[in-house]
Amino acid sequence: MAKTTVMLVIFAVFVSATCICRAEKAEKKLIPVTPAYGETSTVPTPAPAPAALDPQSPPLPSPRDQMYVFWLLGQVLSYPIDKAESFVRARLRDFSSRPVAKPASAPAGENPFESVQMREIPPAPPILPRAARR
């Protein structure tokens, strides 16, 4: 089996080398062609008339209109993502703004005024004359 494989590999290398050599010899037999610099190799085709010169064609969109289309497409594509983001942010804001349960007042120690914070005492109502009270 090994001898057969070696023979096939040697035969394949010999055949490929022979093909490559023949291809190189064929290229040497070709006639070299040089371009004539005075003549053009292609004839330019006349350019089509721009649509702006044709009075029956609709006007071309301005770059501002084209960008508006892309802006609108971006808004449509990002709408579901924006809605989901605003929903999550509102939930997080509501969760973080919930009041934390605190006792109404701390238990009084030796000094009964320690539990009262003086800055949170509301001001007294204004004193009104007797005529205004009725």
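It should be emphasised that the depicted structure is a prediction, and the values quoted were computed from it without experimental measurement. (Residues numbered from 1 in each chain as written. Predicted model: local features only at pLDDT ≥ 70, side-chain atom pairs only at ≥ 80, totals over all residues. Heavy atoms only, no water.)

1. What about the overall build of the chain?
Part 1 of the argument: Broken down by element type, the chain carries three helices and zero strands.
Part 2 of the argument: Seen in sequence order, the chain has helices and strands lined up from the N terminus as α-α-α.
Part 3 of the argument: By residue count, 0% of the 134 residues in the chain fall in the buried class.
Part 4 of the argument: Of the roughly 14100 Å² of accessible surface on the chain, a fraction of 67% belongs to carbon and sulfur atoms. (Helix = DSSP H or I, 4+ residues; strand = E, 2+ residues; numbered from the N terminus. Buried < 20%, exposed > 50% of the residue type's maximum accessible area, 1.4 Å probe, protein only. Areas by Shrake-Rupley, 256 points an atom, 1.4 Å probe, with all protein chains shown as cover.)

2. A word on the pattern of salt bridges
Part 1 of the argument: Inspection of every chain in the model, using the stated rule, returns one salt bridge.
Part 2 of the argument: With a closest N to O distance of 3.1 Å, Glu85 and Arg89 form a salt bridge. Taken as a pair, Glu85 and Arg89 lie in helix H2 (residues 63–96) at a separation of four residues, close to a single helical turn.
Part 3 of the argument: Residue Glu85 is classed as partly exposed on the basis of its relative accessible area of 37%.
Part 4 of the argument: We classify Arg89 as exposed; its relative accessible area is 52%. (Salt bridge = Lys/Arg side-chain N within 4 Å of Asp/Glu carboxyl O.)

3. Side note on H2
Part 1 of the argument: Given a rise of 1.5 Å per residue, 34 residues ought to cover 50 Å, and the 46 Å separating the end C-alpha atoms of H2 matches this to within 8%.
Part 2 of the argument: The largest bend along H2 reaches roughly 45° and is located at Ser78, with the proline Pro80 sitting one to four residues downstream. (Expected span 1.5 Å × (residues − 1). Bend = angle between axes of the 7 residues up to and from the residue.)

4. Some thoughts on the confidence of the model for the chain
Part 1 of the argument: When the pLDDT values of the chain are averaged, the result is 75; 59% of them are 70 or greater.
Part 2 of the argument: Per-element averaging of pLDDT across the chain places helix H3 (residues 130–133) at the bottom with 65 and H2 at the top with 91. (pLDDT = per-residue confidence, 0-100.)

5. Points about the packing of aromatic side chains
Part 1 of the argument: Applying the stated rule across the entire model yields one aromatic pair.
Part 2 of the argument: Each ring, one from Tyr68 and one from Trp71, has its centre 5.7 Å from the other, and the planes form 25°; the classification is stacked. Taken together, the positions of Tyr68 and Trp71, both in helix H2 and three residues apart, correspond to about one turn of that helix.
Part 3 of the argument: Given a relative accessible area of 49%, Tyr68 falls into the partly exposed group. (Phe/Tyr/Trp six-rings, centres within 6.5 Å; stacked < 30°, edge-to-face > 60°.)

6. What about a nonpolar patch on the surface?
Part 1 of the argument: A surface patch of nonpolar side chains, about 470 Å² in accessible area, is lined by Met67, Phe70, Leu73 and Leu77.
Part 2 of the argument: Inspection of the secondary structure assignment puts Phe70 in helix H2. (Patch = residues over 30% accessible without salt bridge, like charges linked within 9 Å, V, L, I, M, F, W, Y side chains within 5 Å.)

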